[in-house]
Amino acid sequence: MKQRDAKTRRTAPLQTPSDLGADASKDVSAALNGLLADMFALYLKTKNFHWHVSGPHFRDYHLLLDEQADQIYATTDPIAERVRKLGGTTLRSIGQISRLQRVMDNDADYVTPLDMLAELREDNQQIVGRMRQGHDVCDEHGDVATASLLEVWIDEGERRVWFLYEASRTQGE
Ligand SMILES: [Fe+2]
(Lines give C-alpha, C1' and ligand atoms only; values in the text may rest on other atoms or scores of the structure.)
Protein backbone atom coordinates (compact mmCIF):
# COMPACT_ATOMS: atom_id res chain seq x y z
CA MET A 1 0.00 0.00 0.00
CA LYS A 2 1.37 3.44 -0.89
CA GLN A 3 2.06 5.72 2.01
CA ARG A 4 -0.52 8.22 0.76
CA ASP A 5 -3.22 5.54 0.64
CA ALA A 6 -2.46 4.47 4.19
CA LYS A 7 -2.71 8.06 5.38
CA THR A 8 -6.02 8.62 3.60
CA ARG A 9 -7.40 5.45 5.10
CA ARG A 10 -6.30 6.37 8.59
CA THR A 11 -7.94 9.78 8.47
CA ALA A 12 -11.12 8.74 6.61
CA PRO A 13 -14.21 8.98 8.82
CA LEU A 14 -15.73 5.64 9.84
CA GLN A 15 -19.00 6.60 8.20
CA THR A 16 -20.79 3.64 6.71
CA PRO A 17 -23.12 4.98 3.99
CA SER A 18 -26.74 5.03 5.18
CA ASP A 19 -29.81 6.62 3.60
CA LEU A 20 -31.35 7.37 7.00
CA GLY A 21 -29.39 10.61 7.28
CA ALA A 22 -26.91 12.14 9.68
CA ASP A 23 -29.48 12.94 12.39
CA ALA A 24 -30.71 9.34 12.51
CA SER A 25 -27.15 8.09 12.71
CA LYS A 26 -26.33 10.48 15.56
CA ASP A 27 -29.52 10.01 17.60
CA VAL A 28 -29.98 6.25 17.21
CA SER A 29 -26.25 5.64 17.76
CA ALA A 30 -26.32 7.64 20.99
CA ALA A 31 -29.32 5.66 22.25
CA LEU A 32 -27.70 2.34 21.28
CA ASN A 33 -24.30 3.16 22.78
CA GLY A 34 -25.95 4.03 26.12
CA LEU A 35 -27.88 0.78 25.94
CA LEU A 36 -24.70 -1.15 25.09
CA ALA A 37 -22.89 0.25 28.15
CA ASP A 38 -25.87 -0.72 30.31
CA MET A 39 -26.00 -4.24 28.86
CA PHE A 40 -22.29 -4.80 29.60
CA ALA A 41 -22.76 -3.46 33.15
CA LEU A 42 -25.85 -5.63 33.66
CA TYR A 43 -24.07 -8.65 32.18
CA LEU A 44 -21.22 -8.35 34.67
CA LYS A 45 -23.56 -7.72 37.60
CA THR A 46 -25.64 -10.77 36.68
CA LYS A 47 -22.46 -12.86 36.47
CA ASN A 48 -21.23 -11.37 39.76
CA PHE A 49 -24.44 -12.57 41.44
CA HIS A 50 -24.25 -15.92 39.59
CA TRP A 51 -20.76 -16.41 41.05
CA HIS A 52 -21.48 -15.17 44.58
CA VAL A 53 -25.05 -16.29 45.29
CA SER A 54 -25.29 -18.61 48.29
CA GLY A 55 -27.89 -20.46 50.34
CA PRO A 56 -30.54 -23.19 50.06
CA HIS A 57 -31.71 -22.09 46.57
CA PHE A 58 -28.20 -21.86 45.24
CA ARG A 59 -28.69 -24.19 42.29
CA ASP A 60 -31.87 -22.54 41.02
CA TYR A 61 -30.57 -18.99 41.33
CA HIS A 62 -27.09 -19.85 40.05
CA LEU A 63 -28.55 -21.42 36.91
CA LEU A 64 -31.21 -18.74 36.36
CA LEU A 65 -28.62 -15.96 36.53
CA ASP A 66 -26.30 -17.78 34.15
CA GLU A 67 -29.11 -18.14 31.63
CA GLN A 68 -29.94 -14.46 31.93
CA ALA A 69 -26.29 -13.39 31.64
CA ASP A 70 -25.97 -15.38 28.39
CA GLN A 71 -29.06 -13.70 26.97
CA ILE A 72 -27.79 -10.22 27.92
CA TYR A 73 -24.34 -10.89 26.48
CA ALA A 74 -25.85 -12.11 23.21
CA THR A 75 -27.37 -8.66 22.59
CA THR A 76 -24.07 -6.78 22.82
CA ASP A 77 -22.56 -7.59 19.43
CA PRO A 78 -25.77 -6.90 17.47
CA ILE A 79 -26.20 -3.56 19.30
CA ALA A 80 -22.65 -2.46 18.46
CA GLU A 81 -22.88 -3.66 14.86
CA ARG A 82 -26.18 -1.85 14.41
CA VAL A 83 -24.40 1.41 15.35
CA ARG A 84 -21.71 0.72 12.74
CA LYS A 85 -24.34 -0.06 10.08
CA LEU A 86 -25.84 3.36 10.77
CA GLY A 87 -22.45 5.01 10.27
CA GLY A 88 -21.81 5.74 13.94
CA THR A 89 -18.93 4.59 16.11
CA THR A 90 -19.42 2.43 19.16
CA LEU A 91 -17.72 1.52 22.43
CA ARG A 92 -13.97 1.00 22.57
CA SER A 93 -13.16 0.20 26.19
CA ILE A 94 -14.23 -0.76 29.69
CA GLY A 95 -13.43 2.85 30.64
CA GLN A 96 -15.98 4.11 28.14
CA ILE A 97 -18.56 1.66 29.47
CA SER A 98 -18.02 2.99 32.98
CA ARG A 99 -18.53 6.56 31.78
CA LEU A 100 -21.76 5.75 29.93
CA GLN A 101 -23.41 3.08 32.13
CA ARG A 102 -26.54 3.98 34.07
CA VAL A 103 -26.84 0.52 35.68
CA MET A 104 -25.03 0.89 39.01
CA ASP A 105 -22.26 -1.53 40.00
CA ASN A 106 -22.67 -3.55 43.20
CA ASP A 107 -19.27 -4.30 44.75
CA ALA A 108 -20.65 -5.35 48.16
CA ASP A 109 -18.90 -8.25 49.90
CA TYR A 110 -22.19 -10.01 50.59
CA VAL A 111 -25.65 -9.55 49.09
CA THR A 112 -28.57 -11.74 50.17
CA PRO A 113 -30.10 -13.86 47.39
CA LEU A 114 -33.41 -12.00 47.55
CA ASP A 115 -31.65 -8.64 47.35
CA MET A 116 -29.77 -9.88 44.29
CA LEU A 117 -33.00 -10.87 42.55
CA ALA A 118 -34.70 -7.58 43.49
CA GLU A 119 -31.79 -5.45 42.30
CA LEU A 120 -31.54 -7.26 38.97
CA ARG A 121 -35.30 -7.01 38.50
CA GLU A 122 -35.11 -3.24 39.01
CA ASP A 123 -32.12 -2.90 36.66
CA ASN A 124 -33.82 -4.95 33.94
CA GLN A 125 -37.03 -2.96 34.35
CA GLN A 126 -35.13 0.30 33.87
CA ILE A 127 -33.30 -1.03 30.83
CA VAL A 128 -36.62 -2.08 29.29
CA GLY A 129 -37.88 1.48 29.82
CA ARG A 130 -34.79 2.91 28.11
CA MET A 131 -35.19 0.49 25.21
CA ARG A 132 -38.74 1.79 24.75
CA GLN A 133 -37.37 5.35 24.64
CA GLY A 134 -34.82 4.16 22.07
CA HIS A 135 -37.68 2.70 20.04
CA ASP A 136 -39.31 6.16 19.96
CA VAL A 137 -36.08 7.62 18.59
CA CYS A 138 -36.08 4.95 15.86
CA ASP A 139 -39.71 5.75 15.00
CA GLU A 140 -38.85 9.44 14.62
CA HIS A 141 -36.20 8.59 12.04
CA GLY A 142 -37.97 5.69 10.31
CA ASP A 143 -35.27 3.23 11.45
CA VAL A 144 -37.46 0.12 11.35
CA ALA A 145 -34.55 -2.33 11.57
CA THR A 146 -33.24 -1.03 14.91
CA ALA A 147 -36.84 -0.75 16.15
CA SER A 148 -37.45 -4.38 15.27
CA LEU A 149 -34.32 -5.52 17.15
CA LEU A 150 -35.35 -3.46 20.16
CA GLU A 151 -38.78 -5.13 20.17
CA VAL A 152 -37.14 -8.53 20.61
CA TRP A 153 -34.78 -7.25 23.35
CA ILE A 154 -37.69 -5.57 25.18
CA ASP A 155 -39.55 -8.89 25.19
CA GLU A 156 -36.44 -10.66 26.52
CA GLY A 157 -36.00 -8.02 29.21
CA GLU A 158 -39.61 -8.40 30.28
CA ARG A 159 -39.09 -12.16 30.50
CA ARG A 160 -36.07 -11.66 32.76
CA VAL A 161 -38.13 -9.35 34.98
CA TRP A 162 -40.90 -11.96 35.15
CA PHE A 163 -38.52 -14.76 36.17
CA LEU A 164 -36.72 -12.60 38.74
CA TYR A 165 -40.06 -11.56 40.19
CA GLU A 166 -41.48 -15.10 40.44
CA ALA A 167 -38.25 -16.59 41.76
CA SER A 168 -38.11 -14.06 44.60
CA ARG A 169 -41.85 -14.19 45.33
CA THR A 170 -42.13 -17.90 46.07
CA GLN A 171 -39.16 -18.16 48.43
CA GLY A 172 -38.95 -17.18 52.05
CA GLU A 173 -35.51 -16.23 53.31
FE1 LIG B 1 -20.79 -20.09 35.55
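Preceding this section is the structure that the text describes.
My aim in this report is to walk through the structure given alongside it, one point at a time.

A look at the overall build of the protein
1) Next: What the protein contains, in helices and strands, is 6 helices and 0 strands.
2) Next: Overall, the protein shows an N-to-C arrangement of helices and strands of α-α-α-α-α-α.
3) Next: A total of 173 residues make up the protein; the buried ones form 40% of that total.
4) Next: In the protein, of all internal contacts separated by at least 6 residues, the share reaching a separation of at least 24 is 82%.
5) Next: Of the roughly 10,300 Å² of accessible surface on the protein, 51% is carried by carbon and sulfur atoms.
6) Next: Each charge class in the protein can be summarised by its mean position, and for the 21 positive and 28 negative side chains these summaries are 11 Å apart.

With respect to helix α5 (residues 113-141)
1) Next: The first and last C-alpha atoms of α5 sit 42 Å apart over 29 residues, in line with the 42 Å expected at 1.5 Å per residue.
2) Next: After α5 finishes, the residue G142 shows a positive phi value of roughly 70°.

Conventions and cut-offs
- Residues numbered from 1 in each chain as written.
- Predicted model: local features only at pLDDT ≥ 70, side-chain atom pairs only at ≥ 80, totals over all residues.
- Heavy atoms only, no water.
- Helix = DSSP H or I, 4+ residues; strand = E, 2+ residues; numbered from the N terminus.
- Buried < 20%, exposed > 50% of the residue type's maximum accessible area, 1.4 Å probe, protein only.
- Contact = heavy atoms within 4.5 Å.
- Areas by Shrake-Rupley, 256 points an atom, 1.4 Å probe, with all protein chains shown as cover.
- Lys, Arg positive; Asp, Glu negative; His and termini not counted.
- Charge placed at Lys NZ, Arg CZ, Asp CG, Glu CD.
- Expected span 1.5 Å × (residues − 1).

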